[in-house]
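# Inside the fold
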Amino acid sequence: MMAVSESIVRVLLKIGACICIGLGVIGAFLPILPTTPFLILATVLSYNSSPKIRRWLLDHPVFGDTIQNYLENRSITITALRRALITLWLCLLVTIWLVSEIWVGIILLVLGGLVTLYLLGLQKI
């Protein structure tokens, strides 16, 4: 019974990793959807469920270093930080401009501020 539930969990984690990779790939082309967080989550999900997927992500020529740096040091490079903040605030401000509800704008500004604080906390001095 235990082996069956472990294999089901492993399959679900592998599926989750694949979904996150798909969202990360889409995010590479859509500025609204982030890429790196989905790839980091895919790496974490594939840790025990699929070493092959995990190795592929960590060895990826574009995202591998960023993922590995985050997993090992809980930090991001200044370039990744700048890109993330610019994308975050550009998308938030466009959304606030397009949505006429003031309460939506306030919620987005608060969430944007919290995400900004988190990202700034990842920058090691």
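Being a predicted model, the structure only gives us computed values, none of them experimental.

So, how was this worked out
Residues numbered from 1 in each chain as written. Predicted model: local features only at pLDDT ≥ 70, side-chain atom pairs only at ≥ 80, totals over all residues. Heavy atoms only, no water. Patch = residues over 30% accessible without salt bridge, like charges linked within 9 Å, V, L, I, M, F, W, Y side chains within 5 Å. Areas by Shrake-Rupley, 256 points an atom, 1.4 Å probe, with all protein chains shown as cover. Salt bridge = Lys/Arg side-chain N within 4 Å of Asp/Glu carboxyl O. Buried < 20%, exposed > 50% of the residue type's maximum accessible area, 1.4 Å probe, protein only. Axes fitted to C-alpha atoms, helices over the stretch in contact; angles between N-to-C directions. Helix = DSSP H or I, 4+ residues; strand = E, 2+ residues; numbered from the N terminus. Parallel < 35°, antiparallel > 145°, perpendicular 65-115°, else oblique. Contact = heavy atoms within 4.5 Å. Nonpolar A, V, L, I, M, F, W, Y, C, P; charged D, E, K, R; others polar.

What follows concerns a nonpolar patch on the surface. On the surface, I102, W103, I106, I107, V110, L111, L114, L117 and L120 cluster together into a nonpolar patch covering about 930 Å² of accessible area. Overall, the relative accessible area of 46% leaves L111 in the partly exposed class.

With a phi angle near 55 degrees, R74 is a residue other than glycine that sits in the positive phi range. By relative accessible area, R74 is classed as partly exposed at 44%.

Glancing now at the packing of helix α5 (residues 78-98) against helix α6 (residues 102-122). Contact geometry for α5 and α6: axes closest at 10 Å, N-to-C directions at 175 degrees. Judged by the inter-axis angle, α5 sits roughly antiparallel to α6. Two secondary-structure elements touch here, α5 through L81, A84, L85, L88, W89, L92, T95 and I96 and α6 through G105, L108, L109, G112, G113, V115, T116, L119 and L120. For the contact of α5 with α6, the class distribution of residues is 12 nonpolar, five polar and no charged.

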